[in-house]
Amino acid sequence: MGGNGYTAFTGASKYVLDGELSKIVNISIALEMPLLIKGEPGTGKTMLAHAVAESLQMPMIILNVKSSMKLIEALYQYDTLTRLNDSRFGDSQRDVSNIEEYIKMGKIGQAFVAESEWCY
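Residues numbered from 1 in each chain as written. Predicted model: local features only at pLDDT ≥ 70, side-chain atom pairs only at ≥ 80, totals over all residues. Heavy atoms only, no water.

A separate point is the overall build of the protein. Broken down by element type, the protein carries five helices and four strands. Its helices and strands in sequence order give the protein the pattern β-β-α-α-α-β-α-β-α, from N to C terminus. Per-residue burial over the protein gives 18% buried out of 120 residues. Residue pairs at least 24 apart in sequence account for 53% of intrachain contacts in the protein once pairs closer than 6 positions are excluded. For the protein, the computed accessible surface area is about 9400 Å², with 55% contributed by carbon and sulfur atoms. (Helix = DSSP H or I, 4+ residues; strand = E, 2+ residues; numbered from the N terminus. Buried < 20%, exposed > 50% of the residue type's maximum accessible area, 1.4 Å probe, protein only. Contact = heavy atoms within 4.5 Å. Areas by Shrake-Rupley, 256 points an atom, 1.4 Å probe, with all protein chains shown as cover.)

Before going further, it helps to examine the environment of Lys107. In this structure, Lys107 sits in helix 5 (residues 107-113). Residue Lys107 is classed as partly exposed on the basis of its relative accessible area of 35%. Taking the C-alpha atoms as reference, Lys107 lies 5.5 Å from Ala74; in sequence the two are 33 residues apart. The contacts of Lys107, once residues within four sequence positions are left out, are Ile61, Ile62, Leu63 and Ala74.

A cluster of nonpolar side chains, contributed by Ile72, Tyr76, Tyr78, Ile99, Ile103, Met105, Phe112 and Val113, occupies part of the molecular surface with about 730 Å² of accessible area. Elements supplying a minimum of two residues to the nonpolar patch: strand 3 (76-78), strand 4 (103-105) and helix 5. As for its position among the elements, Met105 is in strand 4. (Patch = residues over 30% accessible without salt bridge, like charges linked within 9 Å, V, L, I, M, F, W, Y side chains within 5 Å. Salt bridge = Lys/Arg side-chain N within 4 Å of Asp/Glu carboxyl O.)

Moving on to the side chain of Asp86. If you trace the backbone, Asp86 turns up in helix 4 (residues 80-89). At 2.7 Å, the side chain of Asp86 and the side chain of Tyr102 are in polar contact. Discounting residues that sit within four places of it in the chain, Asp86 has contacts with Ser92, Arg94, Val96 and Tyr102. (Polar contact = N/O pair within 3.5 Å; in protein donor to acceptor, adjacent residues only side chain to side chain.)

Purely spatial values, then, with no claim about function.
This is how it looks when you write it as structure tokens:
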């Protein structure tokens, strides 16, 4: 067990972890902070993410980033046109006064509102 009551990440069934990377991942887990992994294609970034998710028994949310992508798209999308049409024509089953009916969470937004919590 680590200092915060979580089990230290030491690798997974299909991932052998090196000592330095193990420290970095475990610090990120202990601080409950995101970890940005940067590197060339084929160096194991995605495999590490799968291994950490497997080890923590958590679902993995995958965001494929494109150079044209804006951060707001990864957080949420607000459908103003549908809300406008619903308010004008009144033939929708949605409650126009409830803005949540018109917000679709992006991958980062899904991660923030996920019901799964860290299971240390």
